[in-house]
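# Survey of secondary and tertiary structure
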Amino acid sequence: MLLTIVRTMILYTALILSVRLMGKRQIGEMEPMEFVVTMLISNLASIPMQDMGIPLAWGIAPILTVLALQLILAVLSMWNIPLRRILCGKPVILINEGVINQDNLVRTRITLDELTEHLRQREILDLSTVQYAILETNGQVSVFLYPQHAPASAAEAGIRVKQQSLPVTIVSDGILLEDNLRIIGKDRPWLMGVLRNKGCSLSGTLLLTVDASGKIFFVRKERGK
């Protein structure tokens, strides 16, 4: 029993490392090659997990081989456009200048119901407002409206807006992130002063962030948390 648990933990760790090396795409955003590799690696790992008669090394070796092959092809596809198109395909235009390309719908096996579903997911009900719809290599559909139907940006509307910046997390679930505190040019006494003004301790703070303008966002932990 203990051996089974140890083998499972080792294979689980190997899978996590493999997925991390492949990148940070979500499942719905994977290229076909990455999706196939992910499914293949998971199947390869399940065999030694269930069959104790298979040496652990024999289970890990195929996983590392598939991962190495995927990484090599990924690097080669960055520099070789024909290879990239073979492995990943290329975008297909479904709507071009407001006209539905029926041949491309047939070629990609996308029905009109599926096309309109993609548009509704982007809150588009009127097809006449769509200038382009492109099926990307990861299966997502990019949609571009005619300029006269697209929402106006602040620049187009002549509105001056404040510059925004990413907030820096200083305290997360009661833990002080020292590196982030140095990034904003503050020290621990400054933070303790902020918490005193909030009437809260470090351990009682769920979240505290600071943006470039010095604005502080503070959330106190609920009691019992």
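Heads up: the structure comes first, above all this text.
All of these numbers come straight from a predicted model, not from anything done at the bench.

When helices and strands are tallied, the protein chain shows nine helices and eight strands. With 225 residues in all, the protein chain has 26% of them scored as buried. Across the protein chain, the fraction of contacts at a sequence separation of at least 24, relative to all contacts at a separation of at least 6, is 46%.

Glancing now at the pairing of strand β7 (residues 205-210). Across four bridges, the pairing between strand β5 (residues 168-172) and β7 is antiparallel. Each bridged residue has a counterpart across the sheet, and for V168 the counterpart in β7 is V210. Examined bridge by bridge, β7 and strand β8 (residues 216-220) share five bridges and lie antiparallel to one another. Bridge pairing in β8 places L208 opposite F218. The antiparallel pairing of β7 with β8 creates a hairpin that spans five residues between the two strands, and G214 there sits at a positive phi of about 90°.

This next bit is on the side chain of T108. Secondary-structure assignment places T108 in helix α5 (residues 102-108). Looking at T108, its side chain comes within polar contact range of the main-chain oxygen of L105, at 3.4 Å. Those residues in contact with T108 that lie beyond four places of it in its chain are V92, L94 and L135.

For A45, the location among the structural elements is in helix α2 (residues 32-50). Expressed as a C-alpha distance, the spacing of A45 and P62, which sit 17 residues apart in the sequence, is 8.9 Å.

Our focus in this paragraph is the sheet that holds β8. Across the sheet, four strands lie side by side as β6-β5-β7-β8; this open sheet has antiparallel pairing. Taken across any chain shown, the strands that pair with only one partner, and hence form the sheet edges, are β6 (175-176) and β8.

Taken as a whole, this structure holds three salt bridges when the rule is applied. Close ionic contact of R188 with E178 constitutes a salt bridge, the shortest N to O distance being 3.3 Å. Of this pair, R188 sits in helix α9 (residues 188-198) while E178 sits in helix α8 (residues 178-183), placing them 10 residues apart in sequence. A salt bridge links D179 to R182, with the shortest nitrogen-to-oxygen separation between them at 2.3 Å.

Our next topic: the sheet that holds strand β3 (residues 130-135). Two strands in a sheet stick together by hydrogen bonds in their backbones, pointing the same way (parallel) or opposite ways (antiparallel). The four strands are arranged β2-β1-β3-β4 in an open sheet whose pairing can be described as antiparallel. Only two strands of the sheet have a single partner each, and these edge strands are β2 (99-100) and β4 (141-145). Alignment of strand β1 (residues 92-96) against β3, held across four bridges, turns out to be antiparallel. Bridge pairing in β3 places I95 opposite A133.

Further remarks concern a nonpolar patch on the surface. Taken together, F35, V36 and M39 make up a surface patch of nonpolar side chains, about 260 Å² in accessible area. Looking at the element boundaries, F35 is found in helix α2. Since its relative accessible area comes to 37%, F35 is described here as partly exposed.

Turning our attention to the pairing of β3. With five of six residues buried, β3 is to be regarded as a mostly interior element. With antiparallel pairing between neighbouring strands as the criterion, β3 and β4 make up a hairpin whose turn holds five residues, including G139 at a positive phi of roughly 95°.

Located in the positive-phi region is E97, a residue other than glycine, with phi close to 55°. Counting through the fold element by element, E97 comes out in the loop between β1 and β2. Note on E97: relative accessible area 40%, which makes it partly exposed. Notably, E123 is not glycine yet its phi reads approximately 60°, a positive angle. In this fold, E123 is placed in the loop between α6 (112-121) and β3. Take E123: its relative accessible area is 74%, and that puts it in the exposed class.

A few words now on α9. Within α9, the full set of buried residues consists of L191, G193, V194 and L195. The inward-facing, buried residues of α9 abut β5, β6, β7 and β8. The backbone nitrogen of W190 lies 3.0 Å from a side-chain oxygen of the residue at the head of α9, namely D187. A positive backbone phi angle near 70° is found at G199, which sits one or two residues after α9.

Each value, and the rule that gives it
Residues numbered from 1 in each chain as written. Predicted model: local features only at pLDDT ≥ 70, side-chain atom pairs only at ≥ 80, totals over all residues. Heavy atoms only, no water. Helix = DSSP H or I, 4+ residues; strand = E, 2+ residues; numbered from the N terminus. Buried < 20%, exposed > 50% of the residue type's maximum accessible area, 1.4 Å probe, protein only. Contact = heavy atoms within 4.5 Å. Pairing = 2+ DSSP bridges. Polar contact = N/O pair within 3.5 Å; in protein donor to acceptor, adjacent residues only side chain to side chain. Salt bridge = Lys/Arg side-chain N within 4 Å of Asp/Glu carboxyl O. Patch = residues over 30% accessible without salt bridge, like charges linked within 9 Å, V, L, I, M, F, W, Y side chains within 5 Å. Areas by Shrake-Rupley, 256 points an atom, 1.4 Å probe, with all protein chains shown as cover.

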